[in-house]
Amino acid sequence: MSIAAAPNALRASSGCASRLWLSLQKSPSSSLFLQVASFSTTAPQCKRKTKDSNKRRGVSSLYGSGPREPLSMSNMPLPKPVEFKPKIEVDESHGLWGFFPAPGKLLLTPKETEEHGRAWEVEELRRKSWEDLHALWWKCCKERNMLATARAELLRGKLGFGEREIDSRDEEVTKTMRAIKHALTERFYTWQDAVEVARSDPEINLEGGEGQVYTPSAYEEGYDDVPAVEEADKELKEPTR
Amino acid sequence: MRPTQILSVGKYRHLKLTTKDVGRGFYKGNRTGSMGRHTKYGGYLIEWSKVRTYVVPQNLSESKLTPFVSREVRSEPGDYKGLSKGPQDPYFYVEQWKRYNGVD
């Protein structure tokens, strides 16, 4: 259904309502007359009219020739996304950074993960004090936490690499922890036996008060050479050779 | 608390434990252990002797130890010749104690 129009509205007679509006805007003289434009709700009337006979022109995203003639929106620039990065205040010294290789660093690269030394040997740990072993144990715990975080992050991202390196590093930390347990268990059993030995030792009186436990019968010359300061340092250390 | 022993051997070890596998009173562990006990009224009592306490050394951040030793450092076997139980020898322990800690 269409209604006959004023002569300058003829161009719009076959177009859509939007084009009709544009044509109305362009012709100020037409405001003098009663504006009667063709208006159609029939779908074929709204079809784009071009000289191009190819109906599927511009559909393919691979063959990007684009349309042959400019369209109504051709001179409108595409909107660009706003560059926006929220700035978040982060505490560099927060304890949760302990789960990551460094503050602000999410993951170690596989190459960095691979760069680690060997585990501690039991023999090396035998000469460490309780405090050292305690600290070392918690260092190992923190390292394993960091590796577990990295492993979870790799799995979450389905990256498909880096797990072998993490596993081998984790294995090495576990060896150290096993050695710590070995050294401490061994030390405890030795101490238990040593208490029995001390009971039968004539120089040692376990019931004696502080400073009265050990009464050396005879000084050996070499023992006197050890200065008192050095003795105090070694107080906490376990016997070594 | 550990899971019921019969469930951690044999074919049950490889099956997921459900309530249909067990009778009343069986306990499915989740490898964490309990921190208290149930009361007969349906409540739960925390037993503080069961609650885990983690003692972290105070100066952990100052410690320079790392979980790894440089591969340049070669590990050498300890010299425990002549000791009947090697490094676990109690006489050797007492001797070392006398040497370093006995006289303060």
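The name an unreviewed UniProt entry assigns to chain B is 50S ribosomal protein YmL27, from the organism Trichoderma harzianum. One UniProt comment on chain B, placed under Sequence similarities (unreviewed entry), says "Belongs to the mitochondrion-specific ribosomal protein mL41 family." What UniProt states about chain B under its Subcellular location (unreviewed entry) heading is, verbatim, "Mitochondrion".

If you look chain A up in an unreviewed UniProt entry, it shows as Large ribosomal subunit protein uL29m from Trichoderma harzianum CBS 226.95. Of the comments in the UniProt record for chain A, the one headed Sequence similarities (unreviewed entry) reads "Belongs to the universal ribosomal protein uL29 family." One UniProt comment on chain A, placed under Subcellular location (unreviewed entry), says "Mitochondrion".

(A) Summary view of the overall build of chain A. Within chain A, the regular secondary structure consists of seven helices and one strand. If you list the helices and strands of chain A from N to C, you get α-α-β-α-α-α-α-α. Of the contacts formed within chain A by residues at least 6 apart in sequence, a portion of 61% connects residues at least 24 apart.

(B) A look at the interface of chain A and chain B. Listed per partner, the contact involves 40 residues of chain A and 31 residues of chain B. Broken down by secondary-structure element, the contributors of at least two residues to the side of chain A that touches chain B are β1 (118-119), α3 (122-125), α4 (130-157) and α5 (163-199) of chain A. Here the side of chain A that touches chain B takes twelve residues from α5 of chain A, the largest share from any one element. Relative to strand β3 (residues 68-69) of chain B, β1 of chain A runs antiparallel, the two sharing two bridges. Pairing of A119 of chain A across the sheet is with F68 of chain B, part of β3 of chain B.

(C) Focus on α5 of chain A. For α5 of chain A, with 37 residues, the first-to-last C-alpha span of 54 Å sits near the 54 Å given by 1.5 Å per residue. E165, I166, R169, V173, T176, A179, I180, A183, R187, T190, A194 and A198 of chain A are the residues of α5 of chain A that are buried.

(D) Just α4 of chain A, in detail. All names here are of chain A. For α4, spanning 28 residues, the distance from its first C-alpha to its last is 41 Å, which sits close to the expected 40 Å at 1.5 Å a residue. Every buried residue of α4 is accounted for by L133, A135, L136, K139, C140, E143, M146, L147 and A150. Looking at the buried side of α4, the elements it contacts are α3 and α5. K158 lies just past α4 and shows a positive phi near 50 degrees.

(E) Structural context of the nonpolar core. Grouped together as the largest cluster of nonpolar side chains are twelve residues: A119, W120, L125, L133, A135, L136, C140, V173, A179, I180 and A183 of chain A together with F68 of chain B. Counting only elements with at least two residues in this core, the list comes to α4 and α5 of chain A. Ignoring sequence-local partners within four residues, the contact set of W120 of chain A consists of L125, T176 and A179 of chain A together with V69 of chain B.

(F) Representation of unusual backbone geometry in the model. We note that K158 of chain A has phi near 50 degrees; this positive angle belongs to a residue other than glycine. Looking at the element boundaries, K158 of chain A is found in the loop between α4 and α5.

(G) Quick peek at the environment of E165 of chain A. Residue and element names in this part refer to chain A. Here E165 shows up in helix α5. In the structure, E165 is positioned 50 residues away from E115 in sequence and 9.4 Å away in space, judged by C-alpha atoms. Once residues within four sequence positions are removed from consideration, E165 is found in contact with P110, T113 and E114.

(H) How the structure looks around the packing of α4 of chain A against α5 of chain A. Residues and elements named next belong to chain A. It is the contact of α4 with α5, at a shortest axis distance of 10 Å, that shows an interaxial angle of 160 degrees. Considering the angle they form, α4 stands roughly antiparallel to α5. Two packed elements cross with a definite hand, and for α4 against α5 that hand is left-handed. Along its contact with α4, which presents L133, L136, W137, C140, E143, R144, L147, A150, R151 and L154, the element α5 presents E163, I166, R169, D170, V173, T176, M177, I180, A183 and L184.

About the thresholds
One numbering rule holds for all chains: residues counted from 1, following each sequence as written. To label them, take the chains in the order written and letter them from A, then take the ligands in the order written and number them from 1. Per-residue local features of the predicted model are confined to residues with pLDDT of at least 70, and side-chain atom pairs are confined, for both listing and counting, to 80 or more; whole-chain, interface and lining totals are unaffected and use all residues. UniProt positions are given in the numbering used here, feature names are shortened, and annotations may be inferred rather than shown by experiment. A run of H or I in DSSP becomes a helix once it reaches four residues, and a run of E becomes a strand once it reaches two; helices and strands are each numbered from the N terminus. For every residue pair, C-beta atoms are placed from the backbone, and the pair is scored as a contact if these atoms sit within 7 Å. A pair of strands is considered paired only if DSSP assigns at least 2 bridges between the two. Multiplying 1.5 Å by the residue count of a helix minus one yields the expected span of that helix. Exposure in this text rests on C-beta crowding, where 20 or more other C-beta atoms within 10 Å of a residue's own make it buried, 12 or fewer make it exposed, and counts in between make it partly exposed. The C-beta atoms are placed from the backbone. Residues enter a nonpolar core if they are buried, belong to Ala, Val, Leu, Ile, Met, Phe, Trp, Tyr or Cys, and are joined to the set through C-beta atoms within 7 Å. Geometry is summarised by axes, namely lines fitted to C-alpha atoms with helices restricted to the contacting stretch, and by angles between N-to-C directions that run from 0 to 180 degrees. Note on angle classes: values under 35 degrees are labelled roughly parallel, values over 145 roughly antiparallel, values of 65 to 115 roughly perpendicular, and the remainder oblique. Should the near helix be turned anticlockwise from the far one by less than a right angle, the crossing is termed left-handed; should it be turned clockwise, right-handed.

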